[in-house]
Amino acid sequence: MSETLILTPEGLYCPDVRAHIDPVRPVERAIITHGHADHARAGHGSVLATPQTLDIMAIRYGQGFCEQRQELVYGEVVKVAETEISLHPAGHVLGSAQVRLADKAGRTVISGDYKRQSDPTCADFELVPCDTFVTEATFGLPVFRHPPAQEEMQKLLASLQLLPEKTHLLGAYSLGKAQRVIAEIRAAGYERTIYLHGALVNLCTYYQDQGVDLGSLEPVGTRGRELAGEIVMCPPGQLADRWARRFGDAMTSVASGWMRVRARARQRGVELPLVISDHSDWNDLCRTIRETGAQTIWVTHGAEDALVHWCENQGLVARPLNMIGYDDGEEAAEATVSQIDAVAG
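Summary of the structure given here.

What counts and what doesn't
- Residues numbered from 1 in each chain as written.
- Predicted model: local features only at pLDDT ≥ 70, side-chain atom pairs only at ≥ 80, totals over all residues.
- Heavy atoms only, no water.
- Helix = DSSP H or I, 4+ residues; strand = E, 2+ residues; numbered from the N terminus.
- Core = buried A, V, L, I, M, F, W, Y, C linked by side-chain atoms within 4.5 Å.
- Buried < 20%, exposed > 50% of the residue type's maximum accessible area, 1.4 Å probe, protein only.
- Contact = heavy atoms within 4.5 Å.
- Axes fitted to C-alpha atoms, helices over the stretch in contact; angles between N-to-C directions.
- Parallel < 35°, antiparallel > 145°, perpendicular 65-115°, else oblique.
- Left-handed = near helix turned anticlockwise from the far one by under 90°.
- Nonpolar A, V, L, I, M, F, W, Y, C, P; charged D, E, K, R; others polar.
- Pairing = 2+ DSSP bridges.
- Expected span 1.5 Å × (residues − 1).
- Phe/Tyr/Trp six-rings, centres within 6.5 Å; stacked < 30°, edge-to-face > 60°.
- Lys NZ or Arg CZ within 6 Å of the ring centre and 35° of its normal.

### Notes on unusual backbone geometry
A positive phi angle is found at R18, which is not glycine, with a value near 60°. With respect to the helices and strands, the residue R18 is situated in the loop between β2 (11-14) and β3 (19-21). Phi at H301 is positive, roughly 30°, even though this residue is not glycine. Its location among the elements puts H301 in strand β18 (residues 296-302).

### Details of the nonpolar core
In terms of nonpolar packing, the biggest core is built from 34 residues, with I185 and M233 touching the most fellow members. Those elements giving two or more residues to this core turn out to be α2 (149-162), α3 (177-187), β13 (194-196), α4 (198-209), β15 (231-234), β16 (251-255) and β17 (272-274). Considering every element that reaches this core, the biggest residue donor is α4, with six residues. Sequence-distant contacts of M233, defined by excluding residues within four places in its chain, comprise L170, A172, A178, V181, I182, I194, Y195, L196, H197 and L200.

### Quick look at the packing of helix α6 (residues 282-292) against helix α7 (residues 304-313)
Interhelical geometry of α6 versus α7 gives an angle of 45° and a closest axis separation of 11 Å. Between α6 and α7, the angle falls in the class oblique. For the crossing formed where α6 meets α7, the hand is right-handed. In this structure, α6 uses W282, L285, C286, I289 and R290 to contact α7, whose residues at the interface are A306, L307, W310 and C311. Here the contact of α6 with α7 is built from residues that sort into eight nonpolar, no polar and one charged.

### Remarks on the sheet that holds strand β10 (residues 106-110)
One key point about sheets: their strands pair by backbone hydrogen bonds, in either a parallel or an antiparallel sense. Pairing within the open sheet is mixed, and its seven strands lie in the order β7-β8-β9-β10-β11-β18-β19. The open sheet has two edge strands, β7 (77-80) and β19 (317-320), and neither has a second partner. In this sheet, neighbouring strand axes are inclined to one another by 20° on average, regardless of whether the strands run parallel or antiparallel. As paired elements, β7 and strand β8 (residues 83-89) share four bridges and run antiparallel to each other. The partner of V80 across the bridge, within β8, is T83.

### Thoughts on the sheet that holds strand β6 (residues 66-71)
A sheet is described by the order of its strands in space; here six strands give the open sequence β1-β2-β3-β4-β5-β6, paired in mixed fashion. Edge strands, defined here as strands with exactly one partner in the open sheet, are β1 (6-8) and β6. The sheet shows a mean angle of 35° between the axes of neighbouring strands, taken without regard to direction. Inspection of the sheet shows strand β4 (residues 29-31) paired to strand β5 (residues 44-49) by three bridges, in the parallel sense. In the sheet register, A30 faces β5, and the bridge partner there is V47.

### A short note on α4
Given a rise of 1.5 Å per residue, 12 residues ought to cover 16 Å, and the 18 Å separating the end C-alpha atoms of α4 matches this to within 8%. For α4, the full list of buried residues reads A199, L200, V201, L203, C204, Y206 and Y207. Positioned one or two residues after α4, G211 has a phi angle of 95°, which is positive.

### A look at the packing of aromatic side chains
Aromatic rings in a pair are described by how distant their centres are and how their planes are angled relative to each other. Inspection of the entire model under this criterion finds six aromatic pairs. On the numbers, 4.9 Å between centres and 70° between planes, the contact of F139 with F144 is edge-to-face. The same class applies to F139 as to F144, namely buried. Where F139 meets W258, the ring centres are 4.6 Å apart and the plane angle is 45°; that geometry is what we call tilted. Pair noted here: F139 is in the loop between β11 (132-137) and α2 and W258 is in the loop between β16 and α5 (262-267), with a separation of 119 residues, a long-range link. A relative accessible area of 12% means that W258 is categorised as buried. A network of ring pairs unites the aromatic residues Y114, F125 and F133 as a single cluster. Looking at R264, its charged tip hangs above the ring of W258, at a distance of 4.4 Å from the centre.

Geometry only, nothing functional implied.
This is the structure we're talking about:
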């Protein structure tokens, strides 16, 4: 692919550093962009990541998730062989990072997953100028335009006011999305206790330990219908599980960029879809590519062909990576790891 990066069955590989970035299976050396399960897997020899990502991997997989850890804070530079490595905020979840590799061939940035919308629970995205930019394309179609999160929160609060007799079951991924939604609910003025499925407890506690104010939270425990009129949060998959039946005739909601696709919401039985995404929408993907100044664009996991076509129309050199092992966002992988979180919680 280039002097800096090649594509292997395990994922992107930097020969000079002898490390993979977000490999899809265990490798000797890995650089991990963030803690979502389709990017951060257990079993590597050594892992380089931000301190928060390393903590999150330990929470989810246990302290022995790898043989050796190396912390790298945002902006710090470490040189391996002839390549400088640094990590920069991706704005996706707490600790998420873009990987910058600088060598004699130029500057390459692997973005991981990223968003440009402001998020009170993690560092804002940092634009990193580069020659080659590896971008995600989870929502890489023009139909995806994410509204401001606070507009979606008002829908939730309006429903609570209109239907105070119903528990409002809100599905959100256990890492990043749940904490962001809670923080946005607080910003909208909601001060009552929010109740959590066990799969969300440990990561919400970690976010609070890191200084993220989420207000009053309690595990659901054995409670059910007595939580009428309250907000109860859980992984999206639990909405179709018998766990949700304890709340009776509840209002079901999911916070996800995929809720823009109404057919998908109806298929999952979601009554109150909230379009809140931790990925960039079409406009922000295009804006970011332009602003990096990169002339070579590699597109991975998502609607790759549409974004490649747009890049080529801008006079850029672009190619899809067609990497196997990354889900549509973190949805499928998070469904699996949420079961791990629930057991751990």
